[in-house]
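One letter stands for each residue in the lines below.
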Amino acid sequence: MMTPRTMSAPEATNPPPSRTPEVSVVIPVFNEAEGLPLLWTALSETLSRISVTWEVIFVDDGSSDGSWEILSGLRRTEPRVKALRLSRNFGHQIALTAGLEAATGAAVITMDADLQHPPSLVPELLRRWREGYDVVYTVRQDTADASAFKRLTSKVFYWIINRAGRIHIEPNAADFRLLDRKVVDALRLMPERRRFLRGLVSWMGYRQTALPYKAPPRAAGHTKYSIHRMARLAMDAVLSFSTLPLRMAFYLGSLLALASMIYLGYVLALVIFTDRAVPGWSSIIAVLLLFGSFQLVVLGLIGEYIARIYEETRQRPLYLVAERLDGHERPADNRPPSSL
Ligand code: UDP
Ligand code: MG
């Protein structure tokens, strides 16, 4: 069923350096100075053991802890390392996107910088790719250092997204995956701003396969995902793959309208047929508050969608690159002389 990919056999003669590599590894970096040397040791060790041509693209997502200095130093000693520095912190998903757009390989692997995505899995990702799969995504078996809270919220999140959206996302799928060139190119056709890559990749289809792995605790530093950021990502995920929240407002409204009609009938019947006029101040307040808050919630929801429409229509670039060390650098001195 699968047509194995034909790979050019490792060549005896040295390939010219300008050739596009077989594999690009994309790594977003946000204040990871402490862990980068560890990551590089593990990753370069793995890459040197497999016989493919490769490049590693680091995307510095506005770090302020010296990560960039480490990356540019690495670039000087290893020309197969490329580094992009975004003009500020744009967030994990955008940094990944920037890296995917800079990658030139026939396959692109994305992984985190904190060694929670073990480089030792790279050969297995490549093996599945050669078997003919276009997307090899990894699934965390258990996260050594995830709190009970993170685990619970993640469960709830996947439950919601898989019911509300028209896509299926494997619970605990990680942003550690291999994408074939055609998938990377397809992804570039999706310029949407609020990106939830796991969702986009699932939406695209192609031949996908899952690879379970055990996530070790972070090698160094601390998580960059606060509760607030996680909530934002979850919101982006649900809103960009589902309009169910909008329809739910409609269903809820209809249900309430029906209930109110029945109650109104009852009230009118009391007034017309009996003399037990109800002095129901508290029930009126209760209903008022209930309806008022429902309206605000629904209005807020609609607002979320409108805000996203507004963001898309402005057509701003997804990110800005401040500096690039990838062979496409701007000539350093094209600024006007300072005497001007
Ligand atoms: N990251 C990034 N920009 C951000 C936040 C995180 O590039 O604004 C990077 C970070 O350096 C790491 C990866 O994204 O390589 C995943 O982040 P983290 O490990 O903090 O997330 P967690 O594993 O805790 O979900
Ligand atoms: Mg991590």
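See above for the structure.
Residues numbered from 1 in each chain as written. Chains lettered and ligands numbered in written order. Predicted model: local features only at pLDDT ≥ 70, side-chain atom pairs only at ≥ 80, totals over all residues. Heavy atoms only, no water.

Undergrad: Can you lay out the overall build of the protein for me, pointing to particular residues and giving the numbers?
TA: Scanning the protein from N- to C-terminus turns up ten helices and eight strands. Scored against the burial criterion, the 340 residues of the protein give a buried share of 41%. By sequence separation, contacts in the protein at least 24 residues apart represent 83% of the contacts at least 6 residues apart. Surface exposure of the protein reaches about 19300 Å², of which carbon and sulfur atoms provide 63%. (Helix = DSSP H or I, 4+ residues; strand = E, 2+ residues; numbered from the N terminus. Buried < 20%, exposed > 50% of the residue type's maximum accessible area, 1.4 Å probe, protein only. Contact = heavy atoms within 4.5 Å. Areas by Shrake-Rupley, 256 points an atom, 1.4 Å probe, with all protein chains shown as cover.)

Undergrad: Account for the environment of P171, naming residues and giving values.
TA: Following the sequence through the fold, P171 ends up in the loop between α5 (148-164) and β6 (173-180). By relative accessible area, P171 is classed as partly exposed at 40%. Considered as a pair, P171 and V139 are 32 residues apart in the sequence and their alpha carbons are 7.6 Å apart. For P171, the residues in contact, after removing those within four places along its chain, are V139, Y158 and N162.

Undergrad: Let's hear about the coordination of the magnesium ion (ligand 2): which residues, and what values?
TA: On the protein side, the magnesium ion (ligand 2) has D114 (OD) and Q116 (OE1) as donor atoms, found 1.9 to 2.0 Å from it. An identical accessibility class is assigned to D114 and Q116; each is buried. (Donors = N, O, S within 2.8 Å, 3.2 Å for Na, K, Ca; no water.)

Undergrad: Break down a nonpolar patch on the surface for me, citing the residues and quoting the values.
TA: Nonpolar side chains collect at one region of the surface, where L264, L268, V271, I272 and F273 lie side by side and expose about 570 Å² of accessible area between them. Mapped onto the elements, L264 comes out in helix α9 (residues 244-273). (Patch = residues over 30% accessible without salt bridge, like charges linked within 9 Å, V, L, I, M, F, W, Y side chains within 5 Å. Salt bridge = Lys/Arg side-chain N within 4 Å of Asp/Glu carboxyl O.)

Undergrad: Residue-level account of the pattern of salt bridges, with values.
TA: Under the criterion given, the structure shown has 17 salt bridges. In this structure, the salt-bridge partner of E55 is K82, at a minimum N-O distance of 2.7 Å. Residue E55 is found in strand β2 (residues 54-60), and its partner K82 is found in strand β3 (residues 81-86); the two are separated by 27 residues along the sequence. Assessed through its relative accessible area of 3%, E55 is described here as buried.

Undergrad: So what's going on with the nonpolar core? Which residues, and what values?
TA: Ranked by internal contacts, the top residues of the largest apolar core, which has 40 residues, are L179 and L187. Top element by residues in this core is helix α3 (residues 92-102). It accounts for six residues. Setting aside its immediate chain neighbours within four residues, L179 contacts L100, A106, A107, V108, D134, V135, V184, L187 and V201. The next biggest cluster of nonpolar side chains, apart from the first, holds 38 residues, and it includes W54, I109, Y133 and L211. (Core = buried A, V, L, I, M, F, W, Y, C linked by side-chain atoms within 4.5 Å.)

Undergrad: Provide a residue-level description of the packing of aromatic side chains, including the pertinent values.
TA: The description of an aromatic ring pair rests on the distance of the ring centres and on the angle between the ring planes. Within this structure, the stated rule accounts for four aromatic pairs. Across the ring face of F90, the terminal group of R88 is positioned such that the distance to the ring centre comes to 4.0 Å. (Phe/Tyr/Trp six-rings, centres within 6.5 Å; stacked < 30°, edge-to-face > 60°. Lys NZ or Arg CZ within 6 Å of the ring centre and 35° of its normal.)

Undergrad: Would you mind going over the side chain of R193 in detail, with residue names and values included?
TA: Its location among the elements puts R193 in the loop between α6 (181-188) and α7 (197-204). The residues contacting R193, other than those within four sequence positions of it, are I94, E311, E312, Q315, R316, P317 and L318.

Undergrad: Can you explain α9? Please cite residues and give values.
TA: At 3.6 residues per turn, the α-helix brings residues three or four places apart onto the same side. With 30 residues, α9 should reach 44 Å at 1.5 Å per residue; the first-to-last C-alpha distance of 43 Å fits that figure. Of the positions making up α9, those classed as buried are P245, A249 and L270. (Expected span 1.5 Å × (residues − 1).)

Undergrad: Requested: an account of the pairing of strand β4 (residues 107-110), with residues and values cited.
TA: Taking every second residue as pointing to the same face, both faces of β4 are buried, with A107 and I109 on one and V108 and T110 on the other. In terms of strand pairing, β4 meets β6 through four bridges, oriented antiparallel. Bridge pairing in β6 links A107 to D180. (Pairing = 2+ DSSP bridges.)

Undergrad: Which residues make up the site of ligand 1, and what are the values?
TA: Surrounding ligand 1, one finds 19 residues, the nearest of these being E32, D61, T223, K224 and R229. F30 has a polar backbone atom sitting 2.9 Å from an oxygen atom of ligand 1. Within the side chain of D61, one N or O atom sits 2.6 Å away from a nitrogen atom of ligand 1. A total of 530 Å² of accessible area belongs to ligand 1 in isolation, and the protein chains cover 92% of it. Looking at the shell around ligand 1, the elements with two or more residues in it are β1 (23-29) and α3. (Near = heavy atom within 4 Å. Polar contact = N/O pair within 3.5 Å; in protein donor to acceptor, adjacent residues only side chain to side chain.)

Undergrad: I'd like a rundown of unusual backbone geometry, residues and numbers included.
TA: The residue L115 is not glycine, and still its phi comes out positive at about 65°. Mapped onto the secondary structure, L115 falls in the loop between β4 and α4 (122-131). You will see that Q315, though not glycine, has its phi angle at about 55°, which is positive. Of the residues examined, Q315 reaches a relative accessible area of 56% and is grouped as exposed.

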